[in-house]
Amino acid sequence: MVNIIVKDLYKRFRKKEVLKGVSFEAQEGKITVLFGPVGAGKTTILRIIAGLEKPDKGKIFFGDIDVTNIPPQERNVGLVFQTFALYPHMSVYENIASPLKAMGLTQSEVDKRVKWVAELLRISNILEKRPAEISGGQRQRVAIARALVKDATVYLFDEPLTNLDYKIREAMRGELKKILKERGGTMIWATSDPQEALALGDNIVILYDGTVVAQGEIHEVYNKPNNTIVAKYFSYPTMNMLEGVVKSKGDVVVVDLGFTVMEIPQAKLSLEAESKVIVGIRPTSIGISLTNKRGIEGTVLITEVLGSETLIHVDIEGRRLVIYVPEIFRIQPGNKIWLLLDSNQIYLFDGLTGKLLHAPGVPHG
Amino acid sequence: MVLKLKTFFLLAFPVFVFVIILWYGIGWNIYLSMTSYSMYNPRYDFVWLKTYNELFSDKDFINTIKITFTWAVLLVLFGNFIGLLIAVSIFQFENAKIRSLLTSYFVYPLAIPLVASGVIWRWLFDSVKGFNVYLSRIGVFKADWLSGWNALWSLIGVSVWIYGGFIALLYLAAFYNVPRDIIDSALVDGADAFTLMVKVVIPQSKLGLLLGTIFSLLFALQMFDLPYTILFTNPFTMTMVMYMYNKFAYMIVNISAAACTFLIAVSAMIVIPYATYGIRKWILKVI
Amino acid sequence: MKLNILIASIVLILFGLFWAIPLYALIIGSVKSLADAIESPLLDLPKELDMGAIVRAFNLLINAIINTAAVTIPASFVAVLLGSLAAFAIYLRSGPIADYVPPLIAITTYIPYQALIVPLISLIRQIETIFKLPLYDTLHGLFMVFLIYFTPMATLLMFIFMNNLPREIIEAALTDGMKPLVVYRRVALPLLSPGFVATLIFILIQMWNNFFIPLSMTRGYEKHVTLKTFGYVGEMGTIYNEMFAAAAISSLPPLLIFLFLGKYFVRGLLTFTGGGR
């Protein structure tokens, strides 16, 4: 097993520059999540690693070997396409066996491996069927099986769960983590879903506007997002961002948010008075009170009930905050609601550059 | 680079050889047309444009230009008209099987060798045994289908029969390409079949008109088998290809090559702008 | 019945009847007896069925038919095979090659093919002298010229069908570790088979029906069935039954292929023109 090193990738399609200098490393044996919004260039990067596209500039290394000019059929990469790309004219068995046959393994060896990976992905009962005859979730498992069946230098997953039913997606996440760990190997998993990333990844590389804006161990990056972009995209639910003005002098940071003034004693910073900051508050860190009327008063805009959780959108003097409640909670729009903000859970970002100034010390649930 | 250059050439080599031969042919035509080479003068003296002078001074050649040009214009007009009519009629039927069956039926003349069609039509045009018999039976005029200039009109009519179904096919392909939601929203707005065709489908089918015109022009420029079979070297139906072949058969190679070059130039002017633009658009799916 | 269907049906019946006249004349003309043919006009039904004309025409044509089949069937197959390989190579290579090579190939199919016959024949002559291999007026020479003319067209058609394949399936085959030729054999070709067959039918019919190329490449009328049919026109004077029988026999193979396999051809052609929006 080797590290996969991506160095300085540049790629443009017609007039649009998609990759503007992307560099990162995927550690051997670990699952590295390639994270970014739709269109950020994740698929392009995976395709370049697989050898299906050539970068305008930059190199790819598998360990010490520069593979940039090696064609895909010689790179020994396992790739799971977003569209699955199964061979419609072959059975599930033949689809999975395909990379092994290309390697020239004996029939019995092929049979052994196919049966093993089918067992792993729980698709042993559909081996004789054609792709057209099975469900979307099953096709995705076949696509993953086809990639995992060989001993690849690196396994690449291009948002394989995106085309699936929401419910199936959730169920697959836990199962997949087990399967991937059991298989072992260096893996790069592309997604735009923060929950998926957190569930599956060991490390993360965050892509935005064609460059890498953060990389590292996944929970570290989650808990200490180095700027507002990372904080906004890589959070679930999305972090609330409020503009504020620094009102402190001396040791304690005091921020005026308009509808309230917050003291943040944990922030050991010295900030210029009147400088602009952005305060980040996770929807999970806001408490609500209805009867006691303690805290900041706001008006409910809408509530989104998602499964067994609720997001409440609240308006406070023209500002909008989202609060997360881990149960089904209904409240009518227009009702008053009181919010409790904990200064222990506040993130501070520079108002101009967006860079992280302070993050809460204790990771929260 | 998915495919190494070496492997690429290995796979594509034979085709490249053929394509290069054909391009070489074009070049060689141009060269030959500027020499004095013929059976009577087997020397490759370079005479520049003198051959073309000879060519365009030949009354016969000018005649063939007129005939071919007339053929092209009329085939475009009537071929497109009848093709569109047939296509619109077939399109009214929703069932794909019926459409396919009808289309195949009207295309059948293209499956028959043109020589065989020529045999049939030569007899249909026969003054004694052909159409005239039946026309006089119902009291309509009799025509001398193949005498003088009538021959040209008759043969152009035959070519409409041969190619009309194919042109209808082109229009149908264009109709099928009209996005379904445009048709559906027109229907929801209450359009009847007639309005639908006139206001929605036909305007979207400019591609069909373009293709129909280009193919008709190409068919007219290549016209040889039909007139050669029916009327052999009759001057009223002599197309440019027939002229060229005539010179070639008599080994007057340089004039033949000059006529060929002229033919190639005309086709190129018509087709290449549309072809390269069209090919890239369709094949590469550039949106 | 809706008005549009009524009008459409009338139009189609009218055109349809007219369209059928030549075919009708061909069929009934072939089965008329000699006396019948001398007396009765073309479109009158035969007084009795006489297969004599067909038998005689068949005997005279059989040689040419065998020659034609021996040349066109392999030639069309080779043309489409080579064409599909080249199309596959261009498709995989992508980049500037895929942008500029297809138009260059396309141009060779658009210009009137007869216009290239003069240089082609002189090239054939030169090869004959260099390799001491007789080509003019031979079946293998005809085979070669058919290949030269029709392979580019086959390449173009296959390229269009190839572009309608989902690209990712081909890419999956590559990442599976298959070499390009293996990808072609195991994945591309099976998926392309409708297009392959459509192109094959198209090219085969074109070669069979071709008149000009055999006319220019051979002497006499024996080497190709269209030449032999043409030969009848001059010879038979006012007796049309045998001439029609000959025309019918020479038309039968392409017509039958078109009847039974034509739906693939039409379907294929519709993808061809509907291939891009």
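The preceding data block contains the structure.
Residues numbered from 1 in each chain as written. Chains lettered and ligands numbered in written order. Predicted model: local features only at pLDDT ≥ 70, side-chain atom pairs only at ≥ 80, totals over all residues. Heavy atoms only, no water.

1. Considering the nonpolar core
For soluble globular proteins, the rule of thumb is that nonpolar side chains tend to be buried together. Filter applied, for reference: Only buried residues count toward a nonpolar core, which is a set of Ala, Val, Leu, Ile, Met, Phe, Trp, Tyr and Cys residues joined through side-chain atoms within 4.5 Å. Categorising residues by exposure relies on relative accessible area from a 1.4 Å probe, with only protein chains included: less than 20% of the type maximum marks a residue as buried, more than 50% marks it as exposed, and the intermediate range marks it as partly exposed. Contact criterion: two residues are considered in contact whenever any of their non-hydrogen atoms come within 4.5 Å of each other.
Formed by 139 residues in total, the largest nonpolar core has its most connected members in Ile49 of chain A together with Tyr149 of chain C. Other than its neighbours up to four places away in sequence, Tyr149 of chain C contacts Leu22 of chain B together with Tyr113, Leu116, Ile117, Leu120 and Ile213 of chain C. In terms of nonpolar packing, the next biggest core, distinct from the first, is built from 92 residues, Trp121, Ile167 and Leu170 of chain B together with Trp19 of chain C among them.

2. Re the pattern of salt bridges
Residue and element names in this part refer to chain A. To keep things clear, this is the line we draw: Here, a salt bridge means any Lys or Arg side-chain nitrogen found within 4 Å of an Asp or Glu carboxyl oxygen. The helix and strand labels rest on DSSP assignments: H or I over at least four residues marks a helix, E over at least two residues marks a strand, and numbering proceeds from the N terminus.
Taken as a whole and assessed by the stated rule, the structure comprises 24 salt bridges over all chains. With its nearest N and O atoms 3.5 Å apart, the salt bridge here joins Asp66 to Lys59. On the basis of relative accessible area, Lys59 is assigned to the partly exposed category, the value being 40%. Between Asp202 and Lys181 there is a salt bridge, and its shortest N-O distance comes to 2.8 Å. Here Lys181 lies in helix α5 (residues 166-183) and Asp202 lies in the loop between α6 (194-200) and β9 (203-208), a separation of 21 residues in the sequence.

3. Some details on the side chain of Thr237 of chain B
Residues and elements named next belong to chain B. Tracing the sequence through the fold places Thr237 in the loop between α11 (225-231) and α12 (240-249). Given a relative accessible area of 0%, Thr237 falls into the buried group. With residues up to four places along the chain from it excluded, the contact list for Thr237 reads Ile67, Ala151, Leu152, Leu155, Pro227, Leu231 and Met242.

4. Some points on the sheet that holds strand β21 (residues 356-358) of chain A
Strand pairing in a sheet is mediated by backbone hydrogen bonds. Such pairs are either parallel or antiparallel. Residues and elements named next belong to chain A. Where we set the bar: Strand pairing requires that DSSP identify at least two bridges connecting the strands. Axes here refer to lines fitted to C-alpha atoms; in helices the fit is confined to the stretch in contact. Angles between the N-to-C directions go from 0 to 180 degrees.
Strand order in the open sheet made by the 6 strands is β13-β12-β11-β14-β20-β21, with antiparallel pairing throughout. Every interior strand has two partners, whereas the edge strands, β13 (261-264) and β21, have only one. In this sheet, neighbouring strand axes are inclined to one another by 40° on average, regardless of whether the strands run parallel or antiparallel. The pairing of strand β11 (residues 240-246) with strand β12 (residues 253-256) spans 2 bridges and is antiparallel. Following the sheet pairing, Val245 is matched in β12 by Asp256.

5. Section: the packing of helix α2 (residues 50-57) of chain B against helix α3 (residues 59-91) of chain B
All names here are of chain B. Condition: Angles are sorted into four bins: roughly parallel if under 35 degrees, roughly antiparallel if over 145, roughly perpendicular if 65 to 115, and oblique for all others. Here the nonpolar group is Ala, Val, Leu, Ile, Met, Phe, Trp, Tyr, Cys and Pro; Asp, Glu, Lys and Arg are the charged ones; every other residue, Gly included, is treated as polar.
For the pair α2 and α3, interaxial distance at closest approach is 5 Å and the crossing angle is 70°. On the basis of their axis angle, the class for α2 and α3 is roughly perpendicular. Of the residues in α3, those in contact with Leu55, Phe56 and Ser57 of α2 are Lys59, Phe61, Ile62 and Ile65. Looking at side-chain class alone, the contact of α2 with α3 contains 5 nonpolar, 1 polar and 1 charged residues.

6. Comments concerning the environment of Ile107 of chain C
Locating Ile107 of chain C in the fold gives a position in helix α4 (residues 95-110). Those residues within four positions of Ile107 of chain C in sequence are excluded, and the remaining contacts are Trp23 and Ile272 of chain B.

7. Some thoughts on a nonpolar patch on the surface
All names here are of chain B. Here is the rule we go by: Only residues whose relative accessible area exceeds 30% and that form no salt bridge enter a patch; like-charged residues are grouped when within 9 Å of one another, and nonpolar side chains (Val, Leu, Ile, Met, Phe, Trp, Tyr) when within 5 Å. The protein chains shown are the only cover counted for residues, whose accessible areas, like all others here, come from Shrake-Rupley with a 1.4 Å probe.
Together, Tyr31, Tyr44, Phe46, Trp48 and Leu49 make up a nonpolar patch on the protein surface, roughly 560 Å² of accessible area in all. With respect to the helices and strands, the residue Tyr31 is situated in helix α1 (residues 5-33). Assessed through its relative accessible area of 31%, Tyr31 is described here as partly exposed.

8. With respect to the layout of surface pockets
Spelled out, the test is: As defined here, a cavity is a set of points on a 1 Å grid over the protein atoms alone where a 1.4 Å probe fits but cannot get out. A pocket is an open set with protein on both sides within 12 Å along at least five of seven lines, and residues line them when an atom is within 4 Å of a point. Grid points are joined across faces, edges and corners, and a volume is the space filled by probe spheres set on the points.
Empty space within the second largest pocket amounts to approximately 730 Å³. Surrounding the second largest pocket, 30 residues form its lining, Ser104 of chain B together with Leu255, Phe258, Leu259 and Phe260 of chain C being those nearest its centre. Elements with a minimum of two residues in the lining of the second largest pocket: α4 (96-107) and α7 (150-176) of chain B together with α1 (3-30) and α11 (240-273) of chain C. A total of 14 residues in the lining of the second largest pocket trace back to one element, the largest contributor, which is α11 of chain C. A per-class count over the lining of the second largest pocket returns 20 nonpolar, 6 polar and 4 charged.

9. Description of the pairing of β11 of chain A
Residues and elements named next belong to chain A. Residues Asn240, Leu242, Gly244 and Val246 line the buried face of β11, whereas the alternating positions Met241, Glu243 and Val245 sit on a face that is not buried. Alignment of β11 against strand β14 (residues 276-281), held across 6 bridges, turns out to be antiparallel. Residue pairing across strands places Leu242 opposite Val279, the latter belonging to β14.

10. A short note on the interface of chain C and chain B
What counts is decided by this rule: Accessible area that two parts lose when put together, with a 1.4 Å probe and added across both, is what the buried area reports. Pairs of N or O atoms within 3.5 Å make up the polar contacts considered here, provided that, within protein, one atom can donate a hydrogen while the other can accept it, and that residues adjacent in sequence are counted only when both atoms are side-chain atoms.
Each partner contributes to the interface: chain C provides 103 residues, whereas chain B provides 98 residues. Taking both partners together, chain C and chain B bury about 9100 Å²; carbon and sulfur atoms supply 78% of that area. Summed over the three residues of chain C that lose the most area to chain B, namely Trp19, Arg93 and Tyr110 of chain C, the buried surface amounts to 10% of that side. The tally of links between chain C and chain B comes to 0 salt bridges. Linking chain C with chain B are 9 residue pairs in polar contact (both at pLDDT 80 or more), by the criterion used here. By residue number, the principal contributor to the side of chain C that touches chain B is α1 of chain C, which donates 16 residues. Broken down by class, the residue content of the side of chain C that touches chain B amounts to 73 nonpolar, 25 polar and 5 charged.

11. Things to note about the packing of aromatic side chains
The criterion, for reference: In summary, the pairing rule links any two rings of Phe, Tyr or Trp, Trp by its six-membered ring, whose centres are within 6.5 Å, and it sorts them by plane angle into stacked for under 30 degrees, edge-to-face for over 60 and tilted for everything else. Here, a charge over a ring means that NZ of Lys or CZ of Arg falls within 6 Å of the ring centre while also lying within 35 degrees of the ring normal.
Taken as a whole and judged by the stated rule, the model has 48 aromatic pairs over all chains. Ring geometry for Tyr105 of chain B versus Phe106 of chain B: centroids 5.2 Å apart, planes at 75°, classification edge-to-face. Residue Tyr105 of chain B is classed as partly exposed on the basis of its relative accessible area of 30%. Looking at Phe106 of chain B, the relative accessible area reads 2%, which means it is buried. Counting every residue linked through ring pairs, the aromatic cluster contains Phe224, Tyr228, Phe232, Tyr245 and Phe248 of chain B together with Tyr113, Tyr149, Phe211, Phe212, Tyr221 and Phe230 of chain C. Arg125 of chain C extends its terminal NZ or CZ atom over the ring of Tyr136 of chain C, reaching a point 4.3 Å from the ring centre. One cation-aromatic arrangement involves Arg167 of chain C over Tyr91 of chain C; the distance from NZ or CZ to the ring centre is 4.5 Å.

12. Comments concerning unusual backbone geometry
Cis geometry marks the peptide bond from Tyr236 of chain A to Pro237 of chain A, where omega comes out at -10°. Tracing the sequence through the fold places Pro237 of chain A in the loop between α8 (228-233) and β11. Located in the positive-phi region is Glu317 of chain A, a residue other than glycine, with phi close to 45°. Mapping Glu317 of chain A onto the fold places it in the loop between β17 (309-316) and β18 (319-325). When its relative accessible area of 63% is taken as the criterion, Glu317 of chain A is described as exposed. At Asp137 of chain C, a residue that is not glycine, the phi angle is positive and equals roughly 60°. As for its placement among the helices and strands, Asp137 of chain C is situated in the loop between α5 (117-131) and α6 (139-163). Under the relative-accessibility criterion, Asp137 of chain C is labelled buried at 19%.

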